[in-house]
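# A structural walkthrough
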Number of protein chains: 2
Amino acid sequence: MIKYDICETCECSHKDKVSKAKSEALDDEVIYDLADVFKVFGDSTRIKILYALFNQEMCVGDLVEALDMTQSAISHQLRVLRQNDLVKFRKEGKAVIYSLDDEHVSILLQQGLCHILHKNKYGE
Amino acid sequence: MIKYDICETCECSHKDKVSKAKSEALDDEVIYDLADVFKVFGDSTRIKILYALFNQEMCVGDLVEALDMTQSAISHQLRVLRQNDLVKFRKEGKAVIYSLDDEHVSILLQQGLCHILHKNKYGE
DNA sequence: TGAATATATGAATAAGTGTTCATATATCGG
DNA sequence: CCGATATATGAACACTTATTCATATATTCA
């Protein structure tokens, strides 16, 4: 592996930057958890579910009809959302009613929206 | 496909909820763009790169050494970040120096961090 | 121009992921 | 208990994706 300790062609102080980056790096565990959270948001079906639940709590059957997908597909994705603590649920008779777990989820959703809308591809 | 228009066993007003969800749903294009942005954040290598650039601008070689990965792997991921407008770059001699594209990126990073730290797995 | 450095990229492969299909579990009414 | 409804889940398959290897492009210096 080539070393980049010295470089005369640009003024970046490589050693400084590299050691700064290394010392300030996040723990691997944090990195993986962070990537995992974003990974869960990174699927259109799950985004649709989360956005629907952002507006109101809904049972599985409602989501199936609202998103026009199979019950199995919705259920599988709800499991992913559950396992990552992005949604919570309660049982009411035969129905299982889902809602967003905490406000962090809606904040992330909103920030994501804000980010893409800022690129003014859609507006005006 | 089974219809869930009427349900006597729980008090959720399904028709209302379903039609509300349908009418308030985001455009498909927005959904896919949103999922794509999160997808880009959803990889540990890219998170490491973004977090390093969150603290300071860096050239490719610096990132290679700081993250202890091959130049090719870093370069491929920088391309993904570039194509999704999460990083910008300038050339300086032979070096290409990368930095975060706008503050939306750091806000999303911070919100993600905030979300996982809030689950107090790591703290105190 | 030629050698060396810095970065980018195409192809291939291995690992991961979302949906479907079939089936299982759970709850309620009769 | 039995049938119907509501949800969950395992296996299989198609598709995507991250890394590696080899190589290409670009820039600087002699």
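Computed from a predicted structure; not experimentally measured.

For the rest of this paragraph, the subject is the relation of the copies chain B and chain A. Between chain B and chain A, which share one sequence, the superposing operator has a rotation angle of 180 degrees and an axial displacement of 0.0 Å; the RMSD is 0.1 Å. Classification of the inter-copy transformation places it as that of a two-fold axis. Both copies contact each other with a shared surface, as 99% of the interface residues of chain B are interface residues in chain A too.

Residues and elements named next belong to chain A. Within the structure shown, the criterion is met by eight salt bridges over all chains. Across the pair R90 and E57 runs a salt bridge whose closest N-O atoms are separated by 2.8 Å. Of this pair, R90 sits in strand 2 (residues 87–92) while E57 sits in the loop between helix 3 (44–55) and strand 1 (58–59), and the two are 33 residues apart along the sequence. Since its relative accessible area comes to 34%, R90 is described here as partly exposed. You can call E57 partly exposed: its relative accessible area is 28%.

What follows is about the interface of chain B and chain A. Every contact between the two is made by 68 residues of chain B and, on the other side, 68 residues of chain A. Here chain B meets chain A over a buried area of about 6,400 Å², counting both sides, of which 65% is carbon and sulfur. On the chain B side of the interface with chain A, the three residues burying the most area are F38, E65 and H115 of chain B, jointly 10% of the side's total. The tally of links from chain B across to chain A stands at zero salt bridges. For the interface between chain B and chain A, the tally reads six residue pairs in polar contact (both at pLDDT 80 or more). Where the side of chain B that touches chain A is concerned, the elements lending two or more residues are helix 1 (14–24), helix 2 (28–41), helix 3 (44–55), strand 1 (58–59), helix 4 (60–67), strand 3 (95–100) and helix 6 (103–118) of chain B. Of the residues assigned to the side of chain B that touches chain A, the class counts are 33 nonpolar, 13 polar and 22 charged.

Here is what the cut-offs are and how they apply
Residues numbered from 1 in each chain as written. Chains lettered and ligands numbered in written order. Predicted model: local features only at pLDDT ≥ 70, side-chain atom pairs only at ≥ 80, totals over all residues. Heavy atoms only, no water. Least-squares fit on C-alpha atoms with pLDDT ≥ 70 in both. Contact = heavy atoms within 4.5 Å. Salt bridge = Lys/Arg side-chain N within 4 Å of Asp/Glu carboxyl O. Helix = DSSP H or I, 4+ residues; strand = E, 2+ residues; numbered from the N terminus. Buried < 20%, exposed > 50% of the residue type's maximum accessible area, 1.4 Å probe, protein only. Buried area = accessible area lost by both parts, 1.4 Å probe. Polar contact = N/O pair within 3.5 Å; in protein donor to acceptor, adjacent residues only side chain to side chain. Nonpolar A, V, L, I, M, F, W, Y, C, P; charged D, E, K, R; others polar.

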